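# Understanding the architecture of this molecule
Here is how the chains run, residue by residue.
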Amino acid sequence: MQRGWTTHGDGRRVAPGEVVAPGERLSWPRTIGIGLQHIVAMFGATFLVPLITGFPPSTTLFFSAIGTIGFLLITGNRLPSYLGSSFAFIAPIGAATASGGHSAAVGGILVTGLLLVLVGVVVHFAGPRWIDVVMPPVVTGVIVALIGLNLAPAAWNNYQLAPVTATVTLASVVLISVLFRGILGRLSILLGVLVGYVVAVVRGEVDFSQVEQADLFGLPDFTAPTFDLSVLGLFLPVVFVLVAENVGHVKSVAAMTGQNLDDRMGRALIADGVATTLAGTGGGSGTTTYAENIGVMAATRVYSTAAYWVAGIGALLLSFSPVFGEIINSVPVGVLGGVTTVLYGMIGVLGFRIWVQNKVDFADPVNLTTAAVPLIIGIANYTWGVGDLVFEGIALGTAAALVIYHLMRTIGRWRGTTAEIASPASASMTDDRVDDSPVGSDGTTSD
């Protein structure tokens, strides 16, 4: 466990070509300022999940803050990361809530967290290389893509309820991302929501009744989990996404800081699993490492974990304001329809980005079939019931990707009908056909 931080240089500036390492910090005023930037960066995406799923925003923020602090402790204060709401949970939460209520969705989140802890323990003791074999990029990419594309009908359902507000929100997100440089451009989702919210207020689409009744200070609303076998299967694919996101995050931070962080891989998975489990004990959204905060680090070149302690503590304090949560909860469906049109599409495209970055060869029938079949299953939302247990598009698509890839690859090797694709576990460094090293669900880190 790394205790404390050394001051980088004079604590005031970062020279060209230098970075502030995880074990370093700038002066405390500058560190606090950067920590507040991390709160702003995670804000939009972290709050969109409870807005879309109906979870209490303050509760989600509470567990996000606790999870971030726990992540820093479990990883030995060496791996900078903010744990925000994972979009991979949106579809299973929606289905679980419709079937068994809020508590059943919370139970699914808890089980997902426990499974991720188990994966983290295995990775910690066995090493991360086995992930390359089980989840090559063609599989990781299709799982991420089908989660985004499976959500498309939900975006349209909200969009058509207030098309004018939704269109303004969508256009604002698109334009802000290219009109502004630096942090403003990176906050296009948050700023687009604010523009849409103002339009919704002018059009009389916002209900402030709950905001007026809420207290300025108070505890978040907690919900105990219940466990319904008919919906638990919907959450299993999320584990694969969280693994990919965390692995991608560790590799990205290692590349940017020049440090070898492979020994933190298992700890990162355990930490995210613990954070998600805690969220599942009290009604928060499941968590993941955040690409938005990677963007802040890349822009500032400050990778100090001290800034993340500031962000975690700051988010924790904000979670004790019910009126703040109700303001977030008052965002109308038109705004959600506009912003989710962008977000769900981005999730789908990020899966394709994993294929591009890893040069997945779709001339290979194994890769082509592995991608093709699950995508149709996910987009059409195939369902399959076994007693009270019902599996839908995301769960079935994930299972199909894993089974098809490994079954076809195994038979192909046995029959000599397909060439084995290069991977860190199976190919020499001179094979340049395909690089099967895993990447997070955003292509470089976590969302």
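Residues numbered from 1 in each chain as written. Predicted model: local features only at pLDDT ≥ 70, side-chain atom pairs only at ≥ 80, totals over all residues. Heavy atoms only, no water.

### Considerations on the overall build of the chain
- Scanning the chain for helices and strands turns up 20 helices and six strands.
- Relative to its full complement of 447 residues, the chain shows a buried share of 55%.
- For the chain, the share of sequence-separated contacts (at least 6 apart) that also reach a separation of at least 24 residues comes to 81%.
- Counting every atom, the chain has about 17,900 Å² of accessible surface; 66% of that belongs to carbon and sulfur. (Helix = DSSP H or I, 4+ residues; strand = E, 2+ residues; numbered from the N terminus. Buried < 20%, exposed > 50% of the residue type's maximum accessible area, 1.4 Å probe, protein only. Contact = heavy atoms within 4.5 Å. Areas by Shrake-Rupley, 256 points an atom, 1.4 Å probe, with all protein chains shown as cover.)

### Examining the environment of Ala279
- Relative to the assigned elements, Ala279 resides in helix H14 (residues 265-282).
- On a C-alpha basis, the gap between Ala279 and Gly107 in space is 9.7 Å, while along the polypeptide they are 172 residues apart.
- Apart from residues no more than four positions distant in its own chain, Ala279 is found in contact with Phe63, Val106, Gly284 and Ser285.

### Some thoughts on a nonpolar patch on the surface
- A grouping of Val174, Leu175, Val178, Leu179, Phe180 and Leu184 is seen on the molecular surface, where their side chains present a nonpolar patch of about 590 Å² in accessible area.
- The element contributing the most residues to the nonpolar patch is helix H8 (residues 163-179), with four residues.
- Of the residues examined, Phe180 reaches a relative accessible area of 41% and is grouped as partly exposed. (Patch = residues over 30% accessible without salt bridge, like charges linked within 9 Å, V, L, I, M, F, W, Y side chains within 5 Å. Salt bridge = Lys/Arg side-chain N within 4 Å of Asp/Glu carboxyl O.)

### Quick word on the nonpolar core
- With 99 residues, the main nonpolar core has Leu48, Phe87, Ile147 and Val243 as its most contacted residues.
- The biggest single contributor to this core is helix H13 (residues 236-257), with 10 residues. (Core = buried A, V, L, I, M, F, W, Y, C linked by side-chain atoms within 4.5 Å.)

### Considerations on the packing of aromatic side chains
- Evaluation of the coordinates by the stated rule reveals 11 aromatic pairs.
- Consider the rings of Phe62 and Phe63, whose centres lie 5.1 Å apart with planes at 85°: the pair is edge-to-face.
- Ring geometry for Trp156 versus Tyr159: centroids 6.3 Å apart, planes at 25°, classification stacked. Here Trp156 pairs with Tyr159, and both are found in helix H7 (residues 152-159), just three residues apart, close to one helical turn. (Phe/Tyr/Trp six-rings, centres within 6.5 Å; stacked < 30°, edge-to-face > 60°.)

### Topic: the layout of surface pockets
- Taken as a whole, the second largest pocket holds about 370 Å³ of empty space.
- Lining the second largest pocket are 24 residues, and of these Ile90, Ala91, Gly94, Ala95 and Leu151 sit closest to its centre.
- Those elements that place two or more of their residues in the lining of the second largest pocket are helix H1 (28-53), helix H3 (90-100), H7 and helix H20 (393-415).
- Considering every element that reaches the lining of the second largest pocket, the biggest residue donor is H3, with seven residues.
- Of the residues that constitute the lining of the second largest pocket, the class distribution is 15 nonpolar, eight polar and one charged. (1 Å grid on protein atoms, 1.4 Å probe; cavity = no way out; pocket = protein on both sides within 12 Å on 5 of 7 lines; lining within 4 Å. Points joined across faces, edges and corners; volume = space filled by probe spheres on them. Nonpolar A, V, L, I, M, F, W, Y, C, P; charged D, E, K, R; others polar.)

### Quick word on the packing of helix H4 (residues 102-126) against H14
- Their axes nearest at 7 Å, the elements H4 and H14 cross at an angle of 165°. The angle between H4 and H14 places the two elements in the roughly antiparallel class. Considering only the axes of H4 and H14, their crossing is left-handed.
- Residues of the contact of H4 with H14, tallied by class, amount to 14 nonpolar, nine polar and two charged. (Axes fitted to C-alpha atoms, helices over the stretch in contact; angles between N-to-C directions. Parallel < 35°, antiparallel > 145°, perpendicular 65-115°, else oblique. Left-handed = near helix turned anticlockwise from the far one by under 90°.)

### Thoughts on helix H19 (residues 365-380)
- The first and last C-alpha atoms of H19 sit 22 Å apart over 16 residues, in line with the 22 Å expected at 1.5 Å per residue.
- Those residues of H19 not exposed but buried are Val366, Asn367, Thr370, Ala371, Pro374, Leu375, Ile377 and Gly378. One face of H19 carries all of its buried residues, which in axial projection span an arc of 165°.
- Buried residues along H19 sit against helix H6 (137-150), helix H18 (333-357) and H20. (Expected span 1.5 Å × (residues − 1). Arc of directions from axis to C-beta.)

### Quick notes on H4
- Here H4 contains 25 residues, and its C-alpha end-to-end distance of 36 Å stays within 8% of the 36 Å for a straight helix at 1.5 Å per residue.
- One or two positions beyond H4, positive phi appears at Gly127, with a value near 95°.

### Points about the side chain of Thr53
- Relative to the helices and strands, Thr53 resides in helix H1.
- Overall, the relative accessible area of 13% leaves Thr53 in the buried class.
- Within the structure, Thr53 has its side chain in polar contact with the backbone oxygen of Val49 (distance 2.7 Å). (Polar contact = N/O pair within 3.5 Å; in protein donor to acceptor, adjacent residues only side chain to side chain.)

### Thoughts on the pattern of salt bridges
- Considering all chains together, one arrives at six salt bridges under this definition.
- Note that Asp10 and Arg13 form a salt bridge whose closest N and O atoms lie 2.5 Å from each other.
- On the basis of relative accessibility, which here comes to 34%, the residue Asp10 falls in the partly exposed class.
- Taking the relative accessible area as the measure of exposure, Arg13 reaches 52% and is therefore exposed.
- Note that Asp263 is salt-bridged to Arg264, the shortest N-O span being 3.4 Å.
- Taking relative accessible area as the criterion, Arg264 reaches 10% and is therefore assigned buried.
- Each of Asp10, Arg12 and Arg13 takes part in one network of salt bridges that share partners.

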